[in-house]
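Analysis of the macromolecular model
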Amino acid sequence: MNELKAGALLNYISIATRLATQFFLTPFILSSLGQDEYGIFMLSNSVIVWLSLTDFGLKATVNKYVAMYHARNETSQMAHFLGQSMVLFSCLGIFTAICGIVCYFYLGDFFPNLTGEEHKTLEILYLLTLGNLILSFPLRPVTGIASAYMKFVTPGVVELSISLLNAGLTVLLLCWGFKAIALTILGVSTGIGTMLWGLYYAFRCLGVRLVFSRPDWPLYREMFQFSFWILLNQIMDLFYWRAGTPIIARTSGAAAVTVFSLGISFSQYFMTASTAISGVIYPKIMHMVAQESTKEQLTDLMIRIGRIQAALLCLILAVFLCCGHDFLHLWVGKTIGTEISTVWAGAALVLVVLLIPLTQNTGIAILQALNIHKGRAVILFYSSVVCVILGYLISLRYGAIGMFAGTAISLFFGQIFLINRYYSRKAGLSIKRFFAQVYIPLLYSVPLLLLAGITGSFLIKLDSWTSLIAYSCCYAVAFTAVLWRAYLNESERELFSAPLKKLIHFLKHAR
């Protein structure tokens, strides 16, 4: 339990550190590289992410099997499994190398809007990241199994240290005048260093052993059967959040990639905030299902968690809608100029649609507990395909904002309309009651609060970080106070106030 708690704490610290470094480094990297080269830098990473799908979701499968063998103390079976996995991943690495080399010769055809210099830079970045990806394949079964051994502290500290080291070296390289190629070499170097440390930790500290033998075809078939649904979710995730980058590069060029990348990054922050509560509720749902709780009881839990998430996410969304444009002007306005309006509008469009599915992600855990989550994966896969097609077609005429629009439309169609029908018909949840208790009460106060916040941002000149932070904090406090009285009920208010009361009580006695 101490390992789990410390690991969870380190995870939150790592997330906060990553967000903080992204906040401070993004405008610095963007201004140092320029809008075009920054777009190429983001594009190379996006292309390689697609090639990483050639592991077919097997990395997560390996962790699942290793955790099972470790829990049963079946060391010989684990050694056999890891040996078979390393052979399989080595073959997948060769397959990835072939696919990567083929793609390299068609980069110019994939992205015809890039200039000659941009294309040369992309080729170099692509080869560097491809080499790192290929090298990582044979080592994946061994370097990533610390979590399966329930070891979180040491890997967490190392990961956090590497992240901070990478951020510091990034600043030094840019200050010395280096560009995207140097940053990619740094990323590859730290990646190789992380893999070597993972090997050392697995063999020396965890005592992992490998046994190589003839190919175990029944084991391979079982692994691929398990990994199929993981792969489907990975493809869906890439279609929604990664496909836009190469599409925009093809239809509009490198500069538009920067605009889209900045805008879509806010959705990642939004999703991270939503999982703070739902991420720890899965064991409780499993217990309720095991105790044969009724569908009404499961709906009650979904409503309770959904209302808390809705209050938090509405606060974040309202602050972004009211102050986001001024924030972007101060953050990256010197580099992208008037394009900040496109970034703000595109991000706002996607975030507004995301509000509903993110306040319903407790339903995902309910589907998993009821063992009917495969249908959701199929629905979201097809809606993510719609995202790619719509985004491409609209971006041909409207550029980056078209890709944002295609993403928002597909999110509404798949993750709101179709998924809620699935919750209602397949899982038996009362979605009408969920909407009535979670969203309808927000309509009484949130529109007026938004109108007041936007009006205030126009009347008050937010042209400095001091004025922006002061206004955002004041507005957030006012927004919270209204929701506290007009939206949250007594038990929900107690959920937030109880930890604060305990802290005050502790501080009084500490004196």
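In this section: the overall build of the protein chain. Broken down by element type, the protein chain carries 22 helices and zero strands. Its C-alpha atoms give the protein chain a radius of gyration of 24 Å, near enough to 24 Å, the size a compact globule of 511 residues would have. Each of the three principal axes of the protein chain carries a C-alpha extent, and together these read 65 × 60 × 55 Å. In the protein chain, which comprises 511 residues, the proportion classed as buried is 47%. Look at the contacts in the protein chain between residues 6 or more apart in sequence, and 84% of them connect residues 24 or more apart.

Overall, the coordinates contain four salt bridges when judged by the stated rule. Taking the shortest distance from any N to any O, the salt bridge between Glu296 and Arg433 comes out at 2.9 Å. Remark: Arg433 occurs in helix H19 (residues 431–438) and Glu296 occurs in helix H14 (residues 295–336); sequence separation between them is 137 residues. Where Arg493 meets Glu490, a salt bridge forms, and the shortest distance between an N and an O atom there is 3.1 Å. Placement of both Arg493 and Glu490 in helix H22 (residues 490–510) is noted, with a separation of three residues, approximately one turn of the helix. The exposure class assigned to Arg493 is buried, which follows from its relative accessible area of 13%. Looking at Glu490, the relative accessible area reads 55%, which means it is exposed.

Reported here for the second largest pocket is a volume of approximately 760 Å³. If you go around the second largest pocket, you meet 20 residues; those closest to its centre are Phe266, Tyr269, Ile316, Phe320 and Phe327. Partitioning the lining of the second largest pocket into residue classes produces 17 nonpolar, three polar and no charged.

This part covers helix H3 (residues 58–72). For H3, built from 15 residues, the straight-helix expectation of 21 Å at 1.5 Å per residue is met to within 8% by its first-to-last C-alpha distance of 21 Å. Considered for burial, the residues of H3 that qualify are Leu58, Thr61, Val62, Tyr65, Val66 and Tyr69. Down the axis of H3, the smallest arc covering the buried residues is 130 degrees, so these residues share one side. Considering only its buried residues, H3 is in contact with helix H4 (75–104), helix H7 (140–143) and helix H10 (217–241). Just past H3, the residue Asn73 takes up positive phi, approximately 60 degrees.

So, about the packing of aromatic side chains. Applying the stated criterion across every chain, the model contains 26 aromatic pairs. Each member of the aromatic cluster is reached from another via a ring pair, and the members are Phe23, Phe24, Phe266, Tyr269, Phe320, Phe327, Trp331 and Trp465. Across the ring face of Phe137, the terminal group of Arg140 is positioned such that the distance to the ring centre comes to 4.3 Å.

Conventions and cut-offs
- Residues numbered from 1 in each chain as written.
- Predicted model: local features only at pLDDT ≥ 70, side-chain atom pairs only at ≥ 80, totals over all residues.
- Heavy atoms only, no water.
- Helix = DSSP H or I, 4+ residues; strand = E, 2+ residues; numbered from the N terminus.
- Rg over C-alpha atoms; globule rule 2.2 N^0.38 Å.
- Buried < 20%, exposed > 50% of the residue type's maximum accessible area, 1.4 Å probe, protein only.
- Contact = heavy atoms within 4.5 Å.
- Salt bridge = Lys/Arg side-chain N within 4 Å of Asp/Glu carboxyl O.
- 1 Å grid on protein atoms, 1.4 Å probe; cavity = no way out; pocket = protein on both sides within 12 Å on 5 of 7 lines; lining within 4 Å.
- Points joined across faces, edges and corners; volume = space filled by probe spheres on them.
- Nonpolar A, V, L, I, M, F, W, Y, C, P; charged D, E, K, R; others polar.
- Expected span 1.5 Å × (residues − 1).
- Arc of directions from axis to C-beta.
- Phe/Tyr/Trp six-rings, centres within 6.5 Å; stacked < 30°, edge-to-face > 60°.
- Lys NZ or Arg CZ within 6 Å of the ring centre and 35° of its normal.

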